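Survey of secondary and tertiary structure
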Amino acid sequence: MNTQRVREADVVIIGAGITGTAIARELSRYDVEAVLVEKGGEVAYGASKATLGQIYTGLNMVGSMVLKSVVLPPGTPLTASALHDPTKMMTKWCDEGFKDWDQGAFDELDVRHRYSPLLVLAKDEDQIKDIETYVRLGESVGGIYADFERLDRQAILALEPNVNPEVVTGLYAENHLIDIFPQELVIALSENAAQNGVKLCLNAEVTGIVQKGERRVVQTKNGPIETEFIINAAGGWADRIADMAGGRDWELQYNKTPIIILDRRLKGLINGTVRWPNKPGEIQLVQAREDNIVIDCGYYEPTQGGPADTGSIAEITRQSMAMAKTLVPAISEDDIISSFNAVRVF
């Protein structure tokens, strides 16, 4: 890849995570001089390296609405009108983006991916009520959000024989969740963008943005870049970049949940993604990746120190494993090979 210093460009993209590299690749289709700057020594340096690696819609998005309602004003009802606005640009882009990946983008980039069958399970009355909330939300939004099956215990255990045997019902969607390896996708996007002429500057943390006539100068630790347009794709650090440009009228919230990776010797224990229904700010999920099983079980907790708070704590890891074992009883602490905090930014 070309990592030479660049002094002028039409567009400077700040942040070489999944968002920045995808934008860079898209811009590389046009006659635009674009530069992608990254403060780290490699792409996927920030949140993109510490994520579940899920691209999703439909049933999983319904659960996401419930989970992330915790960051909405207190008292916000769990209704489609409160949680899903089809006119918002982000909503449209999420729906369209899933289709774009689904329709050949992975093949163009030669990136491994697979559909992870999704089961949202219930074993008691409280969880059955949560399942009904999913059904109501999905049917209210309609389309792919309502495209799931209601399964009984027998059908669930036929699909996932190693889940909690006390399960009584669940919702199933076969093609609503795509499993990818995030770093591989980010690298592929950046390489393709570079092949098409985008310049990549690593170790180029942005230290300031100053006006120069009708253009701006992005000051980095790898030299200044004069540009007409700036795209802020800095993820958890986007507020700091916006402050440098001036005029920020929004805030970011940082919440973390523990992620645990289990040894690959457990491959085949589960076949897809199994989870209890989300509650506001609470997630309980066990997912089969290509080789390893990944656990995301816990509560949204504010980070200490912003987006860089990715270190794990032994007690939180034990609590997360206890939750996960209610889904898949056969796993144990002895299977853990790594753990960290995933930081979600709102």
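That block above? That's the structure.
What you see is a predicted model, and the numbers here were worked out from it, not measured in a lab.

**Side note on the pattern of salt bridges**
Tallied over the full model, the rule gives 22 salt bridges. Across the pair Arg248 and Asp243 runs a salt bridge whose closest N-O atoms are separated by 2.7 Å. On the basis of relative accessibility, which here comes to 26%, the residue Arg248 falls in the partly exposed class. Its salt-bridge partner being Lys267, residue Asp291 comes within 3.8 Å of it at the nearest N-O pair. With a gap of 24 residues between them, Asp291 in the loop between β15 (282-288) and β16 (293-299) and Lys267 in the loop between β13 (254-262) and β14 (273-275) connect regions that are remote in the sequence. Beyond isolated ion pairs, a larger network of salt bridges with shared partners links Arg112, Glu184 and Glu290.

**Examining unusual backbone geometry**
For Asp110, which is not glycine, the phi dihedral falls at a positive 55 degrees. In this structure, Asp110 sits in the loop between α4 (89-109) and β4 (113-115).

**Topic: the nonpolar core**
Burial of nonpolar side chains together is a common tendency in soluble globular proteins. Counting 26 residues, the largest nonpolar core has Leu121, Leu262, Val274, Val286, Ile295, Val328 and Ile331 as the members making the most contacts within it. Elements represented by at least two residues in this core include exactly β5 (118-122), α6 (153-159), β13, β15, β16 and α9 (314-327). Here this core takes four residues from α9, the largest share from any one element. Core analysis: the second largest hydrophobic core is formed by 18 residues, Ala80, Leu83, Ile131 and Phe148 among them.

**Brief notes about helix α5 (residues 125-141)**
With 17 residues, α5 should cover 24 Å at 1.5 Å per step; its first-to-last C-alpha distance of 25 Å lies within 8% of that length. Listing the buried residues of α5 in full gives Gln127, Asp130, Ile131, Thr133, Tyr134, Val135, Leu137 and Gly138. Those residues of α5 that are buried are in contact with α2 (58-68), α3 (80-83), β5, β6 (149-152) and β7 (169-173). Near the N-terminus of α5, the side chain that reaches the backbone nitrogen of Asp126, with its oxygen 3.2 Å away, is that of Asp124. Positioned one or two residues after α5, Gly142 has a phi angle of 85 degrees, which is positive.

What counts and how
- Residues numbered from 1 in each chain as written.
- Predicted model: local features only at pLDDT ≥ 70, side-chain atom pairs only at ≥ 80, totals over all residues.
- Heavy atoms only, no water.
- Salt bridge = Lys/Arg side-chain N within 4 Å of Asp/Glu carboxyl O.
- Buried < 20%, exposed > 50% of the residue type's maximum accessible area, 1.4 Å probe, protein only.
- Helix = DSSP H or I, 4+ residues; strand = E, 2+ residues; numbered from the N terminus.
- Core = buried A, V, L, I, M, F, W, Y, C linked by side-chain atoms within 4.5 Å.
- Expected span 1.5 Å × (residues − 1).
- Contact = heavy atoms within 4.5 Å.
- Polar contact = N/O pair within 3.5 Å; in protein donor to acceptor, adjacent residues only side chain to side chain.

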